[in-house]
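# Secondary and tertiary structure notes
Each chain, written out:
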Amino acid sequence: MGAINSIEQLEAYRQELEDAAVTDLPTVMICFGTGCQANGARPVAEAFTNIIKEQGLELNVNIGIKTTGCHGYCENGPLVALQPQGILYLKVEPDDVPEIVEESIKGGRIVERLIYEDKTTSEMIAEYSEIPFYKHQHRIALRNIGAIDPTNIDDYFLAGGYVGLVKALGMKPDDIITEVENSGLRGRGGGGFPTGRKWRSCVAVDSDVRYVLCNGDEGDPGAFMDRSIMEGDPHTVIEGMIIGAIALGAHTGYIYVRDEYPLAVKNLSSALEAAREKGLLGEDILGSGFDFDIRISRGGGAFVCGESSALMRSVGGDLGEPRAKYIRSVERGLYDKPTVLNNVETWANVPEIIVKGAEWYASLGTEDSKGTKVFSLVGKVNNTGLVEVPMGISIRELVENIGGGILNGKKFKAVQTGGPSGGCIPERMADLPIDFDSLTEAGSMMGSGGIIVMDEDTCMVDVAKYFINFLVEESCGKCTPCRDGLPRMLDLLTDITEGRGEEEHVAMLEELCDLLTWGALCGLGTSAANPVLSTIEYFRDEYDAHIRDKKCPAGVCKALITYSIDPEACTGCGLCIKKCPQECITGERKEAHEIDTTKCIKCGICRDVCTFDAVRIS
Amino acid sequence: MEKISVIIDGRTFEAVKDQCVLEVAHENGIYIPSLCYNSEVASSGGSCRVCLVEAHQGGRMRLVTSCNYPVREGLEIKTDTPLVQRIRRGVLELLMARVPDSEVIREMAAAEGVTGVRFRRDEGENERYKCIACAMCTNVCAEVVGVSAIAMVNRGADKKPATPYYKPSDVCIGCGACAYACPTGAITMTEKDGVRRIWDRDFNMVTCSVCGTPYIPEAQVDWIVRTTGKDRSFFDKCPDHR
Amino acid sequence: MTDVTQFDRIIDRYERTEESLLAILQDFQHEFHYVPEEGIRRLSEIMEVPESKIYAMGTFYKALSLTPRGRHIIKVCTGTACHLKGAPEILEELERELKVKRNGTTTDGEFTLECVNCVGACAMAPLTLIDEEYHGQTRASKIMDIVKKQVES
């Protein structure tokens, strides 16, 4: 099937696909996102392919094996979904495959031991859509992920793909922008700027050249929403950008993908190729006379390149250094031309907004934060993974209802949101809604959607130090406050965590925070204060303990803790003695062991290997 | 050239639209300290942050670097508020901690009331010497001279100007523009017996046929001749005796 | 005399615009396990871009290495979720056992140890990548065994 030269041809092709698709045939869908691949999805897929071939099932029953994008429920991978039943199997191993084929595919039965078990109610749930993790979700940006093969454009067509594009081609560019404005869509990368307004101010600038860019740099550690979308449904991003290009009159687009996401680059590249082949990109799109194509630009390992002006410099083939934003990029951006840069998730929402309308989108979410948001729920929580929920859900609901509560029954202490530009919100404020504005008022920000759950074993001073250290490494070095101020903040935080903290250090930290907020060149610097100020605000007692008592209440800061072995719990098995790199544990077999604290470097290995939980930190 | 009016510290001045605040201030005798900006170098500015001032526009206030903030109608600038002073002092204290050897920074800081540094010394201080990583040198080399022998390498606090691999550059013409432009005099350029040394490379100088003073590197003459077609004999005499 | 065809082959994959610079450097990195000086020089020549600019890019972008790296690259993810779940201990254990500091290469040229600021598999924290193979939920006490096992295979 070659290029499609008109909308009529596209509709005919779509109809052909729909007619050919036999939807009640068994299909095995194996999550092939980075997380599940790390967990061994490939051998599972191979096992399925082999056994189906061996048993000749392809002849009797047409079984499709689809490798899909990230389902989001990463902790429980490898994930295998069976359609049309809608069953989800967790933690599947190659050895489980024969049983699944026999029982579920041929026999129509459920393999009990592989399905979800609710940790609190012990309820066994087989159906994908009933599992709490998925039940509370409303997937728009993630709508296709896990259900389609991202490397097959026909899957995307069957799922309703490029219907938005067809509709947009029949709309006036101005009306497309109005639709996006009315939807209330705000930037999903962290800035939260109203998308329609951004597009509107770009077209207001007189120019014959405009660019549309996609920010796939996703530098916030703990966030992998954009990875999942780029890997699992690249066409939704592409379609969104084509619609944006039509609205803005842009003929060239770029998708900037961070270097650390090779699978995203691969899937996006093949999706672009497929789109071109089908006449959806390139010259005279679907016979409309409109030209537009997209290039991929790869990042080089620099968090600062997520900042819009730095990203544009990097795209042009230069260092990713930001510039003063006194003239906004919608006026002068890439190559000094009017440019619209939007985040992956923002673009992913655009096709649905055009198809289903602004009113539908605006009916979701809250007054000022419309629609849904994809969050990556990670850290000390039971169900880690990606969830998409309407804006306005409370932190508590997210952590407890969807996340299933704190790991190992520990106490919920705080969530960190917004990455290095965000802050920590304590448990006592967990009824706050998650939207663009509520968290900002509390001293953090929603950011790109990374939600890091922390428990009683997390030291909040260590968390502040971690983020400042991260920013020290990622600072581009152009401006004084960030380049020279962050290392001074790190010095102070290091002093505090190593027992050299002094009374005036907190005030000095606050002063440096103030200096960066007012004086730094770009968002990396101006928001660097958040992790420090929010932890000082909500966890001042921990700072005081480190400084005055030289103690780390959470038991994390190595200089302030001591390792010891509880003689009651120790069985004298000798395992820790063998593994200790300092050889500083002594004791006879079957007798309580002892750590020589003068030699102990607190590496944590003894605690790691002890099966009797006998190692204590004080 | 559209003329507009802008208010600085309560007084109204005429300016050209999109002219930078710093220029308007200096034209009218208002002092704003600055280090990394040079009006002849379009790519300079925005780095050191000592020129930050309050910009009031459209009901909002923020601190902006006056060296590259464009004046537009309705703009009010305040150069000396408690906020501006506090941030300026903070920036200077950080610079003092970074380059304790720089007299320029010490003097500028003292003028703002900063005489001491409360922070630990920057670990890389010996390598920093007087360099505030403002990129004036590399901007001049790329934009004004057009040679790009040096570039700003590394990220963060280790950012500094260097030749590739820190080896003597074969495209450097020894003109010394970088050293002249540097606001803190951090680039070492020495001359002895008709040989100039800069960026670890020795340049033989051409001497004036009239006064005998070595005045320009041969490499620079070669480059000018190559790029402009000017006759070599033009350089036999120094500018004073041409 | 360096054979420049090995660089030209890679440069020719891309359009002759500055936009291609970073992608070419990354391809050099992938092919030669670092970005060679002669590669930068050749690229500068062909693209007519100052060598100093390309060198600066080599020092700015952490994905690029200007010095040869080890035969095996170990990357410990130090993203937030991984940090909370034991990445610092894993890093220390590797530094200790391999006798190398982070960002360094062992004296025998076998291993380079690096930190990565989030690979986006946060649900599997803590992550360690060995020659681009992902190992999730790694522990300090087991990491050396995992390294040995993968290197041997």
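Residues numbered from 1 in each chain as written. Chains lettered and ligands numbered in written order. Predicted model: local features only at pLDDT ≥ 70, side-chain atom pairs only at ≥ 80, totals over all residues.

### What about the overall build of chain A?
Helix and strand counts for chain A come out as 26 helices and 19 strands. In terms of C-alpha radius of gyration, chain A reaches 26 Å, essentially the compact-globule figure of 25 Å for 618 residues. Oriented by its inertia axes, the alpha-carbon framework of chain A measures out at about 80 × 65 × 40 Å. The buried share among the 618 residues of chain A stands at 56%. Summarising the internal contacts of chain A: among those between residues at least 6 apart in sequence, 71% fall at separations of at least 24. (Helix = DSSP H or I, 4+ residues; strand = E, 2+ residues; numbered from the N terminus. Rg over C-alpha atoms; globule rule 2.2 N^0.38 Å. Buried ≥ 20, exposed ≤ 12 C-beta atoms within 10 Å, placed from the backbone. Contact = placed C-beta atoms within 7 Å.)

### Brief notes about unusual backbone geometry
Residue Gly 77 of chain A is joined to Pro 78 of chain A through a cis peptide bond whose omega torsion reads 0 degrees. Mapping Pro 78 of chain A onto the fold places it in the loop between strand E2 (64-68) and strand E3 (80-83). The peptide bond linking Ala 125 of chain C to Pro 126 of chain C adopts the cis configuration, its omega dihedral lying at -5 degrees. With respect to the secondary-structure elements, Pro 126 of chain C resides in the loop between strand E2 (111-116) and strand E3 (128-130). You will see that Glu 218 of chain A, though not glycine, has its phi angle at about 25 degrees, which is positive. A count of 33 C-beta atoms within 10 Å places Glu 218 of chain A in the buried class. Of note, the phi angle at Asp 336 of chain A is positive, near 65 degrees, even though the residue is not glycine. Tracing the backbone through its elements, the reader meets Asp 336 of chain A in the loop between helix H14 (308-315) and strand E10 (339-343).

### Describing the environment of Lys 266 of chain A
All names here are of chain A. Among the structural elements, Lys 266 can be located in helix H13 (residues 262-277). A tally of 16 C-beta atoms within 10 Å means that Lys 266 is categorised as partly exposed. Taking the C-alpha atoms as reference points, Lys 266 and Lys 356, 90 residues apart in sequence, are found 30 Å from one another.

### Examining the packing of helix H3 (residues 41-54) of chain A against helix H5 (residues 97-106) of chain A
Residue and element names in this part refer to chain A. Running from N to C, H3 and H5 point in directions that differ by 50 degrees, and their axes come no closer than 9 Å. Our classification of the angle between H3 and H5 gives oblique. Considering how the two elements wind past one another, H3 and H5 form a crossing that is right-handed. The segment H3 lies against H5, with Val 44, Ala 47, Phe 48 and Ile 51 engaging Val 97, Pro 98 and Val 101. (Axes fitted to C-alpha atoms, helices over the stretch in contact; angles between N-to-C directions. Parallel < 35°, antiparallel > 145°, perpendicular 65-115°, else oblique. Left-handed = near helix turned anticlockwise from the far one by under 90°.)

### Concerning the domain arrangement of chain A
Residues and elements named next belong to chain A. Parsing chain A into structural domains produces domain 1 (18-135), domain 2 (153-362), domain 3 (372-458), domain 4 (461-548) and domain 5 (562-617). Between the C-alpha centres of domain 1 and domain 3 the distance comes to 29 Å. At the interface, 8 residues of domain 1 touch 9 residues of domain 3. Partitioned by chemical class, the residues of the side of domain 1 that touches domain 3 number 5 nonpolar, 1 polar and 2 charged. (Domains from an automatic or database assignment. Nonpolar A, V, L, I, M, F, W, Y, C, P; charged D, E, K, R; others polar.)

### Details of the sheet that holds strand E7 (residues 211-216) of chain A
Residue and element names in this part refer to chain A. As summarised here, the arrangement of the 4 strands in space is E9-E8-E7-E10, forming an open sheet in which the pairing is parallel. Either end of the sheet is taken by a strand with one partner, and the two such strands are strand E9 (293-298) and E10. Averaged over all pairs of adjacent strands, the angle between their axes in this sheet comes to 20 degrees, without regard to strand direction. Relative to E9, strand E8 (residues 252-257) runs parallel, the two being bridged by 6 bridges. Of the residues in E9, the one forming a bridge with Gly 253 is Ile 294. Strand contacts of helix H12 (residues 234-248): E7, E8, E9 and E10, with the helix running at about 150 degrees to E7, the strand carrying the most contacts. Along the sheet, helix H15 (residues 344-356) makes contact with E7 and E10, crossing E10 at roughly 95 degrees. (Pairing = 2+ DSSP bridges.)

### Some details on the interface of chain A and chain C
Residue-level contacts link 44 residues of chain A with 39 residues of chain C. Those elements giving two or more residues to the side of chain A that touches chain C turn out to be helix H2 (34-39), H14, strand E11 (372-379), strand E15 (450-455), helix H19 (460-474) and helix H26 (605-609) of chain A. Per-element tally for the side of chain A that touches chain C: the top contributor is H2 of chain A, with 5 residues. Class assignment for the residues of the side of chain A that touches chain C results in 18 nonpolar, 17 polar and 9 charged.

### Some points on the pairing of strand E12 (residues 385-390) of chain A
All names here are of chain A. Across the 6 residues of E12, 6 count as buried, placing the element largely inside the fold. Where E11 meets E12, 6 bridges bridge the pair, whose relative direction is antiparallel. The residue bridging Leu 377 from the neighbouring strand is Gly 385, located in E12. Remark: 5 residues form the turn of the hairpin made by E11 and E12, two consecutive strands paired antiparallel.

### As for the interface of chain B and chain C
Facing 11 residues of chain B, the contacting portion of chain C comprises 9 residues. Along the lines of polarity and charge, the residues of the side of chain B that touches chain C split into 7 nonpolar, 3 polar and 1 charged.

### What about the domain arrangement of chain B?
Residues and elements named next belong to chain B. Each assigned domain of chain B is listed with its residue range as follows: domain 1 (1-124) and domain 2 (136-241). Taking only C-alpha atoms, the centre of domain 1 and the centre of domain 2 are 30 Å apart. Each partner contributes residues to the interface: domain 1 has 14 residues there, and domain 2 has 11 residues. Taken together, the residues of the side of domain 1 that touches domain 2 break down into 7 nonpolar, 5 polar and 2 charged.

### A few points about the packing of helix H20 (residues 480-497) of chain A against helix H2 (residues 82-98) of chain B
Each pair of packed helices can be described by the angle between their axes along with the distance between the axes. Packing of H20 of chain A against H2 of chain B leaves a shortest axis separation of 10 Å and a crossing angle of 65 degrees. One element, H20 of chain A, and the other, H2 of chain B, form an angle in the roughly perpendicular class. In this structure, the crossing between H20 of chain A and H2 of chain B has a hand that is left-handed. Across the interface between the two elements, Thr 480, Pro 481, Asp 484, Gly 485 and Arg 488 of chain A of H20 of chain A pack against Val 91, Leu 94, Leu 95, Ala 97 and Arg 98 of chain B of H2 of chain B.

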